[in-house]
Amino acid sequence: MKLPERKQIRLQNYDYSSPGAYYVTLCTEKRRKVLSDIIVGQGLAPAETRLSHYGKIAEEQLLLLQKRYDFIKIDKFVIMPDHIHAIVIFKDYAAGASPRPTLFDVMCVYKSLTTRLCKQTGFNEKKLFQSSYFDHVIRNPQDYEETWKYIDENPLRYIMKEQI
């Protein structure tokens, strides 16, 4: 029996280790709502996230990527109940260094470490994250601003969607 072919979601012939800004979305397996709760905000924020225990691990590991890979900056992110949005900046890399990890390599490390730590603290499912992830190469300042705004407004959109 022939297995169905997966749709190619990465840009063909693009170097995902090159300097630039990448918008990444990681979803939990079966869209389980295990990372956070969205609450109606108080003050200036109309809605905000309250991280679960697993969400706190996910946040910590996301920020630690900047220490594991000195050429990476996590510029903006939000941890939603069943997914994570982030802008990941790849800075210039030291010349002559061994092959630079790609965005795929970095996301694999992130998902693996986060899943392992969550399992060590009580997560009982086989997988925390879906096998793949969505990415978008941010191409210009306007694209960057729109992506930033999308991430910023995601908790409010989530609450509005849940209320329908």
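Definitions and limits used
Residues numbered from 1 in each chain as written. Predicted model: local features only at pLDDT ≥ 70, side-chain atom pairs only at ≥ 80, totals over all residues. Heavy atoms only, no water. Salt bridge = Lys/Arg side-chain N within 4 Å of Asp/Glu carboxyl O. Helix = DSSP H or I, 4+ residues; strand = E, 2+ residues; numbered from the N terminus. Buried < 20%, exposed > 50% of the residue type's maximum accessible area, 1.4 Å probe, protein only. 1 Å grid on protein atoms, 1.4 Å probe; cavity = no way out; pocket = protein on both sides within 12 Å on 5 of 7 lines; lining within 4 Å. Points joined across faces, edges and corners; volume = space filled by probe spheres on them. Nonpolar A, V, L, I, M, F, W, Y, C, P; charged D, E, K, R; others polar. Pairing = 2+ DSSP bridges. Axes fitted to C-alpha atoms, helices over the stretch in contact; angles between N-to-C directions. Contact = heavy atoms within 4.5 Å. Parallel < 35°, antiparallel > 145°, perpendicular 65-115°, else oblique. Left-handed = near helix turned anticlockwise from the far one by under 90°. Expected span 1.5 Å × (residues − 1).

K.L.:
Describe the pattern of salt bridges, with residues and values.
P.N.:
Enumeration according to the criterion identifies six salt bridges in this entry. A salt bridge links E29 to K127, with the shortest nitrogen-to-oxygen separation between them at 3.7 Å. Of this pair, E29 sits in the loop between strand 1 (20-27) and strand 2 (36-40) while K127 sits in the loop between helix 2 (103-120) and strand 6 (134-138); the two residues are 98 residues apart in sequence, bridging distant segments of the chain. Judged by its relative accessible area of 30%, K127 falls in the partly exposed class. Across the pair K73 and D75 runs a salt bridge, and its minimum N-O distance is 3.1 Å.

K.L.:
Can you break down empty space enclosed by the protein residue by residue, with the values?
P.N.:
Taken as a whole and assessed by the stated rule, the structure comprises one cavity of 30 Å³ or more. The computed volume of the largest cavity comes to approximately 30 Å³. Around the largest cavity, the lining residues are V24, L26, L62, A86, V88 and M107. At the level of elements, strand 1 and strand 5 (83-90) are the ones that each hand at least two residues to the lining of the largest cavity. Residue composition of the lining of the largest cavity, grouped by class: six nonpolar, no polar and no charged.

K.L.:
Give me the sheet that holds strand 5: which residues, what numbers.
P.N.:
By definition, the strands of a sheet pair up through backbone hydrogen bonds, in either a parallel or an antiparallel sense. With antiparallel pairing, the four strands of this open sheet are ordered in space as 4-5-1-6. Each edge of the open sheet carries a strand with a single partner, namely strand 4 (72-79) and strand 6. Each adjacent strand pair in this sheet contributes to an overall mean axis angle of 20 degrees, direction not counted. Bridging between strand 4 and strand 5 involves seven bridges; their strand directions are antiparallel. Counted as the bridge partner of I79 is I84 from strand 5. Where helix 1 (residues 53-68) meets the sheet, it contacts strand 4 and strand 5, and its direction lies at approximately 165 degrees from that of strand 4. Along the sheet, helix 2 contacts strand 1, strand 4, strand 5 and strand 6; its crossing angle with strand 1, the most-contacted strand, is approximately 40 degrees.

K.L.:
How would you sum up the packing of helix 1 against helix 2? Please name residues and give values.
P.N.:
Close contact between helix 1 and helix 2 brings their axes to 9 Å; oriented N to C, the two are set at 140 degrees. With respect to each other, helix 1 and helix 2 are oriented oblique. At the point where helix 1 passes helix 2, the crossing takes the right-handed sense. Every residue of helix 2 that contacts helix 1 at Y54, I57, A58, Q61, L62, L65 and R68 is listed here: V106, M107, V109, Y110, L113, T114, L117 and C118. Among the residues forming the contact of helix 1 with helix 2, the class breakdown is twelve nonpolar, two polar and one charged.

K.L.:
Describe in detail helix 2, supporting the description with residues and values.
P.N.:
Its 18 residues give helix 2 an end-to-end C-alpha distance of 26 Å, which sits within 8% of 26 Å, the value for a rise of 1.5 Å per residue. For helix 2, the complete set of buried residues consists of L103, V106, M107, Y110, K111, L113, T114, T115 and C118. Directly beyond the C-terminal end of helix 2, a positive phi value near 115 degrees is found at G122.

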